Amino acid sequence: MSLIKWIEFPSLGDDRGSLVAVEMGQDRAVPFDIKRVYYIYHTEQGVSRGYHAHKQLKQVAICVAGKCRMVLDDGKTREEAWLDCPTKGLVIEDMVWREMHDFSKDCVLLVLATEHYDESDYIRDYSDFLRQASQ
Ligand code: T46
């Protein structure tokens, strides 16, 4: 099964422009209760981010402006996807290594998360991740 799982949010546009509503528990909605929202913006050109996995954290990442390239790796397969559309959310499951590359200057990456911030949930060493992922 692919690591790249999208949620397609309906675009509620009219002649004034576009609008996306992100909801929980509905069809084409975020499949978990959201405890935290954060966004990444003004990323310097050429900078990559991420390089970690989470033990118990599910997230949905939506590029609401610009674009970036997300690499996901579960320790067996490595896949990538461009986040470049405000109506598409990428689901990131727990125990998945993620890297973000090639941020455009205008990229705003919005992330919805199941848990509050907890540094002890991060696995920031790739060898540790591979070891834990294979258990
Ligand atoms: C993820 C990817 C997609 C907080 O204090 N609270 C927060 O909620 C977050 C997300 C971060 N921080 C602090 C921790 C660091 O001092 O902000 C700083 C930057 O965080 P980090 O280096 O982890 O950022 P990224 O872009 O590498 O990763 C982030 C998320 O941390 C991570 O969960 O999945 O975006």
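Right above here is the structure, for reference.
Predicted model, so just to flag it, every value in this text is computed and none were measured. (Residues numbered from 1 in each chain as written. Predicted model: local features only at pLDDT ≥ 70, side-chain atom pairs only at ≥ 80, totals over all residues. Heavy atoms only, no water.)

Enquirer: For this particular structure, what's the right way to read the environment of K105?
Expert: Along the polypeptide, K105 turns up in the loop between β8 (97-101) and β9 (108-113). Spatially, the C-alpha atom of K105 lies 20 Å from that of Y51, the residues being 54 residues apart in sequence. (Helix = DSSP H or I, 4+ residues; strand = E, 2+ residues; numbered from the N terminus.)

Enquirer: How should I be thinking about the pairing of strand β3 (residues 49-54) in this particular structure?
Expert: Where a strand is regular, its side chains alternate between the two sheet faces. Bridge count between β3 and β8: 3 bridges; the pairing is antiparallel. The partner of G50 across the bridge, within β8, is E99. In the sheet, β3 pairs with strand β10 (residues 122-123) via 2 bridges, with the strands oriented antiparallel. Its bridge partner lying in β10, H54 is registered against Y122. (Pairing = 2+ DSSP bridges.)

Enquirer: Looking at this structure, how should I read the side chain of D73?
Expert: Relative to the assigned elements, D73 resides in strand β5 (residues 68-73). With relative accessibility at 2%, the residue D73 sits in the buried group. In this structure the side chain of D73 is engaged in a polar contact, spanning 2.7 Å, whose partner is the backbone nitrogen of G75. Here D73 is in contact with L3, R78, V96, W97, Y126 and F129, once residues within four sequence places are set aside. (Buried < 20%, exposed > 50% of the residue type's maximum accessible area, 1.4 Å probe, protein only. Polar contact = N/O pair within 3.5 Å; in protein donor to acceptor, adjacent residues only side chain to side chain. Contact = heavy atoms within 4.5 Å.)

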